[in-house]
Amino acid sequence: MGDYGIWSCLSVLILLFSRADCFYLPGVAPQDFKKGDDLQVKVNKLSSTKTQLPYEYYSLKYCPPKDIIDVSENLGEVLRGDRIENSPYVFKMRETRLCNVLCKIKWDASEAKSFKEKIDDEYRVNMILDNLPVAVAKQRTEAGQVPAYEHGFRVGFKASYTGSPEERYFINNHLSFVVMFHKDPETDYARIVGFEVTPHSVRHEYEQPWDDEKRLLTTCDPNTKRTVSGTEIPQEVVEDKEVIFTYDVTFQDSPVKWASRWDTYLLMTDDQIHWFSIINSLMIVLFLSGMVAMIMMRTLYRDISKYNQLETQDEAQEETGWKLVHGDVFRPPTGASLLCVYVGTGVQCLGMSLVTMIFAMLGFLSPSNRGGLMTAMLLLWVFMGLFAGYSSSRLYKMFKGTEWRKNTLKTAFLFPGVAFCIFFVLNALIWGEKSSGAVPFGTMFALVFLWFGISVPLVFVGSYFGYKKPAIEDPVRTNKIPRQIPEQAWYMRPFFSILIGGILPFGAVFIELFFILTSIWLHQSYYIFGFLFIVFVILIITCAEITIVLCYFQLCSEDYHWWWRSYLTAGSSAFYLFLYATFYFFTKLEITKLVSGILYFGYMTIISYAFFVLTGTIGFYACFWFVRMIYSSVKID
């Protein structure tokens, strides 16, 4: 596992620097098959939305191939808990095969118990054919609509026999596969464009004695045209009882082209409602942003004109409003070094988010590239350390700090250190559950190497160049003695104004947040990166404007402690994000296990922390620009 990080770095670097005139991305180019070619089905993890703990396919006693071979995975796949292996399912291209017997096995008590536990937790089996995940087609309510896909199929189900109240466990031991292909009209080659399955539970019977060579069943025999229809007696999960695993595979010609084969996987069940909701939300936020900007421009223009006019007419007997605190507004805040660290980390988050979304919009991080999104985000975070160090040291020098190396170390270690500690504890809990979601030691070493070997040196390089540049000069002089701040109205006190400031930025993203949480925790595909980018731009504008407005009111009330408050005002939107995540947990998820609940809130804590750093930095820089602009626009003696 130790070379996952190296391969991940190489794969993304190849992806980033690949020629612009290439049509297909590395690793996702189409593959042509002629009739009779072997198609190898691969098995992936067992997944459940009730536990959020993935397990390897062969952790249950399914039919194994002669030799189980692990397929190499990238860094993102390992972190997602993917464990891709070969399987005994082998198809022949465009050759229908019915009633294929895989194996006949017996379970002991512990193996039967494992199956029952997975059925209780609604685990689903994930398979892959030609990089397409297997899916169960569900017909939509409206006639004529394209069916919706559910990723994977259930391990089994619970039901009771007629006249008996006792629920029993049944295994889906017969799979009816349908492989859709698109044929080239000029050649005999075809491309796979769909992979569906219908699972059945069948208590197979056979003529005694069992022949390992012929494997003839009386419940499923293509020679007598008897196939599995779903009306047979189901196969119960019972220890020391024979279970026979079988499958059918049929092929269907499809008009869908290879380039569009993911469209059905990405369709949402209630897309119209959500699209209109998102558009409506964006229009409201744009309207509010325009109103705020217009009010601010008019008010500021009037203030600046009045101050300059009073100075020229020698009528300024006593200064009032925000001009009164000009001698204290650029006084370094308490905890200036920590503020520099958080601003630098926020620049790192902002750069990572922007570049990731741009590449996602261009199609480099499509769902066919499993783990690509997470791998790209990690690598971009590492490389953005250069900008974190630069921005942190520039601000630190403006505050007349002298220990730039100490400041750089804090920038390199504070945020990733907190995130890594939480991640390490959560990973230990996953190890305790023997889940494949636990990050192996080799991958953990790769993550630490990316952090210490690449990110930390880049932060130091950025800090070195940032500290070498001349310090940013304040537009007005700072008084030696700080002025006293008058008693503030209740609505202008820090706690209240900070909480109010986070509402509007959160309102800009909360509908999109629903889709993102659904993608993460309900294992659905997320693909509307274009809309996400628009929402992200709206978030930046909203954070900037709400911070500027509240900063202006704060300065007008003669309170010059704006440095930290500007950061916390926009950053408080993370508090509402965490509240929404808590609401989502209790209303949308069915998690009952303690470990699964800890995992959810642990990962949402990391996400909320990153959102706090991101939005706080946007608000800080907006307020920083605003304060410098207004105080450089008026005449000060």
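No experiment lies behind these values; they were computed from the predicted model shown.

1. Remarks on the overall build of the protein
Thinking step 1. Of regular secondary structure, the protein possesses 16 helices and 13 strands.
Thinking step 2. A total of 637 residues make up the protein; the buried ones form 51% of that total.
Thinking step 3. Long-range pairs, those at least 24 residues apart, make up 81% of the contacts in the protein between residues at least 6 apart in sequence.
Thinking step 4. Carbon and sulfur atoms make up 61% of the accessible area of the protein, which amounts to about 31400 Å² in all.

2. What about empty space enclosed by the protein?
Thinking step 1. Enumeration over the complete set of coordinates arrives at 3 cavities of 30 Å³ or more.
Thinking step 2. In this model, the largest cavity occupies a volume close to 80 Å³.
Thinking step 3. At the level of elements, helix 13 (529-556) and helix 14 (563-571) are the ones that each hand at least two residues to the lining of the largest cavity.
Thinking step 4. The leading source of residues in the lining of the largest cavity is helix 13, at 4 residues.
Thinking step 5. Here the second largest cavity is characterised by a volume of approximately 50 Å³.
Thinking step 6. Considering the residues around the second largest cavity, the lining is formed by Y57, Y62, Y89, V125, M127, F153, N172, N173, L175, F245 and T246.
Thinking step 7. Going through the elements one at a time, strand 4 (124-129) and strand 13 (242-253) are the ones with two or more residues in the lining of the second largest cavity.
Thinking step 8. Here the residues of the lining of the second largest cavity are counted per class, giving 8 nonpolar, 3 polar and no charged.

3. Focus: the state of the cysteines
Note: disulfide means a covalent bond formed between the sulfur atoms of two cysteine side chains.
Thinking step 1. Using the criterion set out here, one finds 2 disulfides in the structure.
Thinking step 2. Across the disulfide, C63 is cross-linked to C103 (sulfur-sulfur distance 1.8 Å). Looking along the S-S bond of the C63-C103 disulfide, the torsion reads about -75 degrees, which is the left-handed sense. Of the two residues, C63 is situated in the loop between strand 1 (38-47) and helix 2 (75-80) and C103 in strand 3 (residues 97-106); the sequence distance between them amounts to 40 residues. C103 matches C63 in its accessibility class, with the two residues each being buried.

4. Comments concerning the pattern of salt bridges
A side chain of one charge can pair with a side chain of the opposite charge when the charged atoms of the two come close.
Thinking step 1. Within this structure, the stated rule accounts for 17 salt bridges.
Thinking step 2. Linked through salt bridges whose partners overlap, the residues forming this network are K45, R80 and D82.

5. Looking at helix 14
Thinking step 1. For helix 14, the buried fraction is high: 7 of the 9 residues fall into the buried class.
Thinking step 2. Of the residues making up helix 14, those classed as buried are W563, R565, S566, Y567, T569, A570 and G571.
Thinking step 3. Contact partners of the buried residues in helix 14: helix 6 (336-361), helix 8 (385-398), helix 11 (494-501), helix 13, helix 15 (573-588) and helix 16 (594-631).

6. Let's talk about the packing of helix 8 against helix 10 (residues 441-468)
Thinking step 1. Where helix 8 meets helix 10, the closest approach of the two axes is 6 Å, and the angle between their N-to-C directions is 35 degrees. Between helix 8 and helix 10 the crossing geometry is right-handed. Contacts from G385, L386, G389, Y390, S393, R394, Y396 and K397 of helix 8 reach helix 10 at L458, V459, V461, G462, S463, F465, G466, Y467 and K468.

7. Observations regarding the side chain of T518
Thinking step 1. Secondary-structure assignment places T518 in helix 12 (residues 503-521).
Thinking step 2. Not counting chain neighbours up to four residues away, the residues in contact with T518 comprise H523, Q524 and Y584.

8. A few points about a nonpolar patch on the surface
Thinking step 1. The grouping of L386, F387, Y390, V461, Y464 and F465 at the surface amounts to a nonpolar patch, some 530 Å² of accessible area in total.
Thinking step 2. When contributions to the nonpolar patch are tallied by element, the ones reaching two or more residues are helix 8 and helix 10.
Thinking step 3. With respect to the secondary-structure elements, Y390 resides in helix 8.
Thinking step 4. Overall, Y390 belongs to the partly exposed group, its relative accessible area being 32%.

9. A few points about the packing of helix 6 against helix 14
Thinking step 1. One can describe the packing of helix 6 onto helix 14 by two numbers: an axis separation of 11 Å at closest approach and a directional angle of 35 degrees. Relative to helix 14, the crossing made by helix 6 is left-handed. Every residue of helix 14 that contacts helix 6 at L338, L339, Y342 and V343 is listed here: W563, W564 and Y567.

10. Some remarks on the nonpolar core
Thinking step 1. In this structure, L555, W562, W563, Y600, V627 and Y631 are the most contacted members of the largest nonpolar core, which totals 89 residues.
Thinking step 2. Considering every element that reaches this core, the biggest residue donor is helix 16, with 16 residues.
Thinking step 3. Formed jointly, this core draws a minimum of three residues from each of two domains, domain 2 (334-473) and domain 3 (495-636).
Thinking step 4. Counting residues in each nonpolar core, the second largest holds 60 residues, with L53, Y55, L132 and A438 among its members.

11. Quick look at the pairing of strand 12 (residues 190-200)
Thinking step 1. Across the 11 residues of strand 12, 8 count as buried, placing the element largely inside the fold.
Thinking step 2. Here strand 11 (residues 174-183) pairs with strand 12 via 10 bridges, running antiparallel. Considered in strand 12, the bridge of F177 is made with V197.
Thinking step 3. The turn joining strand 11 and strand 12, which pair antiparallel and follow one another in sequence, is formed by 6 residues.

12. Here's the deal with the side chain of N86
Thinking step 1. Looking at where N86 falls in the secondary structure, it is placed in strand 2 (residues 85-92).
Thinking step 2. Look at N86 and you get buried, because its relative accessible area is 14%.
Thinking step 3. Within the structure, the side chain of N86 is placed 2.7 Å from the backbone nitrogen of I69, a separation counted as a polar contact.
Thinking step 4. Beyond its immediate stretch of four places on either side in the chain, N86 contacts Q40, V41, V43, Y58, P65, D67, I68 and I69.

13. Remarks on the packing of aromatic side chains
Thinking step 1. Throughout the structure, instances matching the rule amount to 56 aromatic pairs.
Thinking step 2. On the numbers, 6.1 Å between centres and 70 degrees between planes, the contact of F514 with Y584 is edge-to-face. With F514 in helix 12 and Y584 in helix 15, this pair connects stretches of sequence that are 70 residues apart.
Thinking step 3. Among the aromatic side chains, those forming a connected cluster through ring pairs are Y342, W381, F415, W564, Y567, Y609 and F612.
Thinking step 4. The lysine or arginine in question, K118, covers the ring of Y55, its NZ or CZ lying 4.4 Å from the ring centre.
Thinking step 5. For K397, the ring lying beneath its charged end belongs to Y467, and the centroid distance is 5.3 Å.

14. Looking at the environment of D474
Thinking step 1. With respect to the secondary-structure elements, D474 resides in the loop between helix 10 and helix 11.
Thinking step 2. Distance from D474 to Y631, taken between C-alpha atoms, is 9.3 Å for residues 157 residues apart in sequence.
Thinking step 3. If near-sequence neighbours (up to four positions away) are discounted, D474 is found in contact with F330, M398 and R628.

15. Comments concerning the confidence of the model for the protein
As a general rule, the predicted coordinates of low-pLDDT regions are not to be interpreted in detail.
Thinking step 1. The pLDDT averaged across the protein works out to 83; a share of 86% of its residues lies at or above 70.
Thinking step 2. The least confident element of the protein is helix 1 (residues 4-17), whose mean pLDDT is 37; the most confident is helix 15, at 95.
Thinking step 3. The model gives residues 1-27 a pLDDT under 50, and that stretch makes 27 contacts with residues more than four places away or in other chains.
Thinking step 4. When the criterion is pLDDT under 50, residues 314-319 qualifies, and its contacts beyond four places in sequence or with other chains add up to 6 contacts.

16. A look at the environment of P199
Thinking step 1. Relative to the helices and strands, P199 resides in strand 12.
Thinking step 2. Spatially, the C-alpha atoms of P199 and Y247 are 9.1 Å apart, while their sequence positions differ by 48 residues.
Thinking step 3. With residues near it in sequence (within four places) discarded, P199 still touches V136, F153, N172, H174 and L175.

Each value, and the rule that gives it
- Residues numbered from 1 in each chain as written.
- Predicted model: local features only at pLDDT ≥ 70, side-chain atom pairs only at ≥ 80, totals over all residues.
- Heavy atoms only, no water.
- Helix = DSSP H or I, 4+ residues; strand = E, 2+ residues; numbered from the N terminus.
- Buried < 20%, exposed > 50% of the residue type's maximum accessible area, 1.4 Å probe, protein only.
- Contact = heavy atoms within 4.5 Å.
- Areas by Shrake-Rupley, 256 points an atom, 1.4 Å probe, with all protein chains shown as cover.
- 1 Å grid on protein atoms, 1.4 Å probe; cavity = no way out; pocket = protein on both sides within 12 Å on 5 of 7 lines; lining within 4 Å.
- Points joined across faces, edges and corners; volume = space filled by probe spheres on them.
- Nonpolar A, V, L, I, M, F, W, Y, C, P; charged D, E, K, R; others polar.
- Disulfide = S-S within 2.5 Å.
- Salt bridge = Lys/Arg side-chain N within 4 Å of Asp/Glu carboxyl O.
- Axes fitted to C-alpha atoms, helices over the stretch in contact; angles between N-to-C directions.
- Left-handed = near helix turned anticlockwise from the far one by under 90°.
- Patch = residues over 30% accessible without salt bridge, like charges linked within 9 Å, V, L, I, M, F, W, Y side chains within 5 Å.
- Core = buried A, V, L, I, M, F, W, Y, C linked by side-chain atoms within 4.5 Å.
- Domains from an automatic or database assignment.
- Pairing = 2+ DSSP bridges.
- Polar contact = N/O pair within 3.5 Å; in protein donor to acceptor, adjacent residues only side chain to side chain.
- Phe/Tyr/Trp six-rings, centres within 6.5 Å; stacked < 30°, edge-to-face > 60°.
- Lys NZ or Arg CZ within 6 Å of the ring centre and 35° of its normal.
- pLDDT = per-residue confidence, 0-100.

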